[in-house]
Amino acid sequence: MTDTTDFQNLAPSAGQKFRQRTLPFLILAAILLAIPMTGPSRTFYTVAHQMGINVVFALSYNMILGKAGLLSFGHAVYFGLGGYLAVHAMGWIEEEIGLWGSIPMFFLPIIGFFGGALAGATIGWPSTRRAGTTFAMISLGVAELIFAAAFMFDSFFGGEQGISGDRMNGIELFGLSLGPIAEVYWFIAFWMFVGILGMWAFTRTPLGRLSEATRDNAQRVQFIGYNPQRVRYMVFIIAGGFAGLAGGMAAVNYEIFTPDALSLLPSGFVLIMAYVGGITYFVGPIFGAILLTYMQSMLSDFTEAWLLYLGALFIGIVMFAPRGLAGIIFGFFDGLRGAERGAFLKGWITSLVGGLFMLIGLIILVEVSVRWSNGYGEIYEPFGLHLDHASPLTWLLFLATTGAGIGLTALANRHKEGTT
Amino acid sequence: MTAIALSLKDLNKSFGPAKIIDNVTLDIEKGERHAIIGPNGAGKSTLFNLISGLYTPTSGSVTLHGEEISGMAPHLINHRGLSRSFQVSNIFTNMTVRENVRCGVLNALGQGYAFWRNIGSNKEVQTRTFEILDRCGLVDKAALPASLLPYADQRALEIAITIAGGADVILLDEPTAGMSHSETERAVQLIRTATEGKTLIIVEHDMGVIFDLADRISVLVYGDIIASDTPQNIRGNAKVREAYLGDEDLPEEIA
Amino acid sequence: METLVFGLLNGVSYGLLLFMLSSGLTLIFSMMGVLNFAHASFYMLGAYFAFTISGSSSFWIALFLAPVLVGLIGAAVERYGLRRVHPNGHVAELLFTFGLAYLIEEVVKIVYGKTSVDYRVPDLLNFAAFEVYGASFPAYRLFVIVIAIAMLIGLWYLLKKTRAGLIIQAALSHPHMVGHLGHNVPLIFMTVFGIGCALAGLAGVMAGNIFVTDPAMAIQMGPIVFVVVVVGGIGSLEGAFVASLVIGLLQNLAVGINASFADIFGFIGLSELSEVGRINISSLAPVLPFLLLVLILIFRPQGLMGEKEL
């Protein structure tokens, strides 16, 4: 292979490849295998399964937002249609219609993928001919149309009750009956791994690279011989497929799909997950999906205003950290490796503390207001403090923490501008 | 007589009432190095945009190897063997130099839309990418993000992307604009080797470059070709001298 | 006949309300390129502020004060939020307003509760203006039409006859040029954003007591306002006006049509028993704007009267 060395030295070395490509997946696999050994609770499983589904869903969303530069307000349509098809397939397997009886439930996400890709191919045809704001608006219009249509065609969507199924039918694969939640875990873990691997592999294909090129410079792409519309269309179909895969996972996990799964709400939620996580990084949406699913299921138990925190988090990211959580994390490690480590660390910790103070201020304000607004006479009592909406202590604390937060962040910013 | 690679016939382009290209007729032979010169605003870039498919002609025809291409989408024209560069560097700044070139190479090998194979596994793609990088003197900068390249190298990359697709008719829009003297010399050398055996059409302001490179020169003034001849004859052409009077330093350089 | 007349009247009053909302959004979108997702949230704020103010004083004070308050909030949002995000591009701006819509809804839920508030039509206007075919048309709706037309004339005067209006108009078609002429573009942006929000607030004051004032009113109205702006065309207030009326009429007339697909397409053999055949025209009313949106974007991307494509 002497004749190939010339160009191979342009590519990353085998060691780099292992560290950057193979190792992360080995670690992921190890984590997925290790989790059940810790004897997790039922609640843990419930949340973890939702996370697995959302990770795939958010990554599929980022195929179009982050990689192809298309902002969609209707991505849940493909999740939902894929999921609906999977629920129906669940019924066909149960009734052993035709060949369906010989298909294991375990493979339902593939049906979902097919459904999502088919929906993407149909809806994407007119909508991906344009990019930018036009595409965003079409996606919104289409999402509203499909959602409304879902209530008109009961035989497929099942009206408000939706369509439900039973996953404990058909052939068992790998000895999994999919009955107990611990067995469903292996199903979710397997498909999440497949989904992540598949979407990561996509970024390494010619089309994956081309979609980034089209995002950055659609005009130049045309002059080297590609049709940007075709690029967008193909990426859109594949993203729809992976959204459908997530839908198929959800179908098996919840055994029910309702028209709400297609509405603007989950479409907005997946946008927030991907963006908060960081759309410029492949792993960004994974971070976002994990954090937001956790917030959704845990925080909603602690506070009724969790959506307010979600909105505040989202706006904070859009305004102050457009590269998302992944950007913050990787930026931190890059800074540590940089030349002025001390100054960087000082600035970073200052803004972190400042952010925390502001967060405390926000929490006090929101929690006190929520209780006052409910009017049940309930009082916010964190750490034994008695924070009544009428007590001066409340407002003093609020002002002090918020003020300190703003001051520290401003200080950190001034330092940053001073050094650069 | 040799075959005609690109032929423009009665080509017109108007924007509203403004006639930018006025009845241009021009035949360019296969393997010819043809330069288009003219004062600023003469319509040189518009002419390129008409040929490469960015604009649709108001009337007239453009034929490439005997096939009508006017009004065709840019990517279809590219598939038929015509590729162009841009006056302002138009590269993929978020990608590395190697990836920039690879995008063009993949198209030539018909794998641009592939989503089932690894981009790094095809040996032919890697070899050809390397060849192009080598020809354009960019091998040692292959792993750099394109946005970090120095200006002259960005221009070289612009040419590399243009030739990567393997087109046999190459249009270069002011490839040496903004370069220093030594950079220009290097660029001319690069253009010569990079377009070896291909048909080249080049728009340029630097007369040194033009007279160095071109087999034939066309002079475009107010959307009209007033002369089309060998460099030798263009030098002596009175109409050309008149058109250039008061514009740049061409007359002295010609004389 | 009765349904037709009422469909027309309601359609016009609803269409004019839509125009109040969409005129502001068109101004903002055309000048700043920001498709303000939170525009309908300012409409909601208008309704809630009017509820509070009319509760403690009177509707007439609310009619004036609530839009002003909403406008001030809008200007503050532009100054301290949007302007910061602006360098990151239009998608970031769109996402910012998307998050803002979320936030406003949650704050409203905390302050006013999750269910609807009792924001009523003022007693002075709570009577039947006239009767046609035995049914009465409420005076308040007539009042809405009058206010909307007054607003239309006011806006027209502002844009065509004042210096500020001329600058805004120039900025509509050539946003980059205005800065070169030495005008303070950020100030213009802030003002236009404020005015746009105030108009949305006014629409909220007018509509909150016709429909329901609840935290969901923004999310219900928001997408429809987008439709109006996009269908009307970028930079075209006339287009927004026509699109508002078209959509207002379309929705209100469709509601009155009590026929199913089978009744209409029965001649090609569509059965009353099939799922498609059972779909009622009136139930399609909420979907029609979106159908229009998708069709317009595909076949006429510059909108009804816009000059440039999106």
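Just so it is clear, the structure is predicted and the values come from calculations on it, not from any experiment. (Residues numbered from 1 in each chain as written. Chains lettered and ligands numbered in written order. Predicted model: local features only at pLDDT ≥ 70, side-chain atom pairs only at ≥ 80, totals over all residues.)

**Some remarks on the overall build of chain A**
Consideration 1: When its secondary structure is counted, chain A shows 17 helices and 2 strands.
Consideration 2: In terms of C-alpha radius of gyration, chain A reaches 24 Å, essentially the compact-globule figure of 22 Å for 420 residues.
Consideration 3: In terms of overall dimensions, chain A has C-alpha extents of about 70 × 70 × 50 Å along its principal axes.
Consideration 4: Considering chain A as a whole, with its 420 residues, one finds that 46% of them fall into the buried category.
Consideration 5: Of the contacts formed within chain A by residues at least 6 apart in sequence, a portion of 80% connects residues at least 24 apart. (Helix = DSSP H or I, 4+ residues; strand = E, 2+ residues; numbered from the N terminus. Rg over C-alpha atoms; globule rule 2.2 N^0.38 Å. Buried ≥ 20, exposed ≤ 12 C-beta atoms within 10 Å, placed from the backbone. Contact = placed C-beta atoms within 7 Å.)

**Side note on the overall build of chain B**
Consideration 1: Along chain B, the regular secondary structure elements total 10 helices and 10 strands.
Consideration 2: In terms of overall size, chain B behaves like a compact globule, its C-alpha atoms giving a radius of gyration of 18 Å where 255 residues would be expected to give roughly 18 Å.
Consideration 3: When its C-alpha atoms are laid out on the principal axes, chain B stretches across 60 × 40 × 40 Å.
Consideration 4: Residues counted as buried form 47% of the 255 residues belonging to chain B.
Consideration 5: Sequence-distant contacts in chain B: of pairs separated by 6 or more residues, those separated by 24 or more amount to 65%.

**What about the interface of chain A and chain C?**
Consideration 1: Each side of the interface is counted separately: chain A has 32 residues, and chain C has 35 residues.
Consideration 2: Mapped by element, the contributors of at least two residues to the side of chain A that touches chain C are α6 (132-150), α14 (306-320) and α16 (341-374) of chain A.
Consideration 3: In terms of residue count, the dominant contributor to the side of chain A that touches chain C is α6 of chain A (12 residues).
Consideration 4: In the side of chain A that touches chain C, the residues fall into 22 nonpolar, 8 polar and 2 charged. (Nonpolar A, V, L, I, M, F, W, Y, C, P; charged D, E, K, R; others polar.)

**Brief notes about the interface of chain A and chain B**
Consideration 1: On the chain B side, the residues contacting the 26 residues of chain A number 36 residues.
Consideration 2: Only α1 (5-8), α9 (206-216), α10 (218-223) and α11 (228-254) of chain A provide two or more residues apiece to the side of chain A that touches chain B.
Consideration 3: Taken together, the residues of the side of chain A that touches chain B break down into 13 nonpolar, 6 polar and 7 charged.

**What about the environment of Phe73 of chain A?**
Consideration 1: The topology assignment puts Phe73 of chain A in the loop between α3 (42-67) and α4 (76-95).
Consideration 2: Beyond its immediate sequence surroundings of up to four residues, Phe73 of chain A is in contact with Ala136, Ser139, Leu140, Ala143, Leu264 and Ser267 of chain A.

**Quick look at the sheet that holds strand β2 (residues 18-29) of chain B**
All names here are of chain B.
Consideration 1: Pairing is antiparallel in the open sheet, where 4 strands are placed in the order β2-β1-β4-β5. This sheet does not close on itself; its edge strands, each paired only once, are β2 and β5 (67-68).
Consideration 2: Both strand β1 (residues 4-15) and strand β4 (residues 59-64) contribute to a ladder of 5 bridges, which runs antiparallel. Of the residues in β4, the one forming a bridge with Asn12 is Ser59.
Consideration 3: Each of β1, β2 and β4 touches helix α1 (residues 44-52); the most contacted strand, β2, lies at about 65 degrees to it. (Pairing = 2+ DSSP bridges. Axes fitted to C-alpha atoms, helices over the stretch in contact; angles between N-to-C directions.)

**Some details on helix α4 (residues 90-112) of chain C**
Residues and elements named next belong to chain C.
Consideration 1: Over its 23 residues, α4 runs 32 Å from end to end, which matches the ideal 33 Å to within 8%, given 1.5 Å per residue.
Consideration 2: A large share of α4 lies buried, amounting to 18 of its 23 residues.
Consideration 3: Within two residues after α4, Gly113 carries a phi angle of roughly 90 degrees, on the positive side. (Expected span 1.5 Å × (residues − 1).)

**Section: the confidence of the model for chain B**
All names here are of chain B.
Consideration 1: Chain-level pLDDT for chain B is 84 on average; 95% of the residues reach the 70-or-more range.
Consideration 2: Within chain B, helix α10 (residues 250-254) has the poorest average pLDDT of any element, 46, and strand β8 (residues 199-203) the best, 91.
Consideration 3: With pLDDT under 50 throughout, residues 248-255 is counted as low confidence; its partners more than four residues away or in other chains account for 7 contacts.
Consideration 4: In the predicted complex, the global pTM is 0.87; the interface-specific ipTM is 0.83. (pLDDT = per-residue confidence, 0-100.)

**Comments concerning the packing of helix α3 (residues 97-108) of chain B against helix α5 (residues 151-164) of chain B**
Residue and element names in this part refer to chain B.
Consideration 1: Direction vectors running N to C along α3 and α5 enclose 25 degrees, while the axes themselves pass 7 Å from each other. On the basis of their axis angle, the class for α3 and α5 is roughly parallel. In the packing of α3 onto α5, the handedness of the crossing is right-handed. In this structure, α3 uses Val97, Asn100, Val101, Gly104 and Val105 to contact α5, whose residues at the interface are Leu157, Ala160, Ile161 and Ala164.
Consideration 2: Residues belonging to the contact of α3 with α5 are distributed by class as follows: 7 nonpolar, 2 polar and no charged. (Parallel < 35°, antiparallel > 145°, perpendicular 65-115°, else oblique. Left-handed = near helix turned anticlockwise from the far one by under 90°.)

**Focus: the sheet that holds strand β7 (residues 169-173) of chain B**
Residue and element names in this part refer to chain B.
Consideration 1: Pairing is mixed across the open sheet formed by 6 strands, whose spatial order is β6-β7-β8-β3-β9-β10. Both outer strands of the open sheet, β6 (82-84) and β10 (224-229), are each paired with one neighbouring strand and no more. Strand-to-strand, the axes of this sheet are offset by a mean angle of 15 degrees, without reference to chain direction.
Consideration 2: Inspection of the sheet shows strand β3 (residues 33-37) paired to strand β9 (residues 216-221) by 4 bridges, in the parallel sense. Directly across from Ala35, in β9, lies its bridge partner Ile217.
Consideration 3: The sheet contacts of α1 involve β3, β6, β7, β8 and β9, and relative to β7 the element is tilted by about 150 degrees.

**Considering unusual backbone geometry**
Residue and element names in this part refer to chain B.
Consideration 1: Phi at Asp10 is positive, roughly 45 degrees, even though this residue is not glycine.
Consideration 2: Relative to the elements of secondary structure, Asp10 occurs in strand β1.
Consideration 3: For Asp10, a count of 12 C-beta atoms within 10 Å corresponds to the exposed category.
Consideration 4: The residue His65 is not glycine, and still its phi comes out positive at about 50 degrees.
Consideration 5: In this structure His65 comes out as partly exposed when scored by C-beta crowding, with 17 C-beta atoms within 10 Å.

**Notes on the environment of Ile238 of chain A**
Consideration 1: Here Ile238 of chain A lies in helix α11.
Consideration 2: Owing to 26 C-beta atoms within 10 Å, Ile238 of chain A belongs among the buried residues under this scheme.
Consideration 3: Dropping the residues within four chain positions of it, Ile238 of chain A is found in contact with Met63, Ala117 and Phe202 of chain A together with Phe115 of chain B.

**Re the nonpolar core**
Consideration 1: Within the largest apolar cluster, 278 residues are counted, with the highest numbers of intra-cluster contacts made by Phe242 of chain A, Ala160 of chain B together with Leu17 of chain C.
Consideration 2: Top contributing element to this core by residue count: α11 of chain A, with 15 residues.
Consideration 3: Setting aside anything within four residues of it in sequence, one finds Ala160 of chain B in contact with Val101, Ile132, Leu133, Cys136 and Leu138 of chain B. (Core = buried A, V, L, I, M, F, W, Y, C linked by C-beta atoms within 7 Å.)

**Some remarks on helix α5 (residues 139-161) of chain C**
Consideration 1: If you check α5 of chain C, its first and last C-alpha atoms are 32 Å apart, about what 23 residues at 1.5 Å a residue would give, namely 33 Å.
Consideration 2: Taken residue by residue, α5 of chain C has Tyr140, Arg141, Val144, Ala148 and Leu155 of chain C as its buried positions.

**Examining the packing of helix α3 (residues 59-85) of chain C against helix α8 (residues 185-207) of chain C**
Residues and elements named next belong to chain C.
Consideration 1: Direction vectors running N to C along α3 and α8 enclose 140 degrees, while the axes themselves pass 7 Å from each other. Considered as vectors, α3 and α8 are oriented oblique to each other. The interaxial crossing formed by α3 with α8 has right-handed handedness.

**Things to note about the pairing of β10 of chain B**
Residues and elements named next belong to chain B.
Consideration 1: In this sheet, β10 lies alongside β9 in antiparallel orientation, the contact comprising 5 bridges. Bridge assignment links Val221 to a residue of β10, and that residue is Asp224.
Consideration 2: Counting the residues in the hairpin turn of β9 and β10 gives 2 residues, including Tyr222, whose phi is positive at 50 degrees.

**What to know about the confidence of the model for chain A**
Close inspection of predicted coordinates is inappropriate in any region flagged by low pLDDT.
All names here are of chain A.
Consideration 1: Looking at chain A, the pLDDT average stands at 84 and 95% of residues meet or exceed 70.
Consideration 2: Within chain A, no element has a lower average pLDDT than α1, which sits at 46, and none a higher one than α11, at 93.
Consideration 3: The model gives residues 1-8 a pLDDT under 50, and that stretch makes 6 contacts with residues more than four places away or in other chains.

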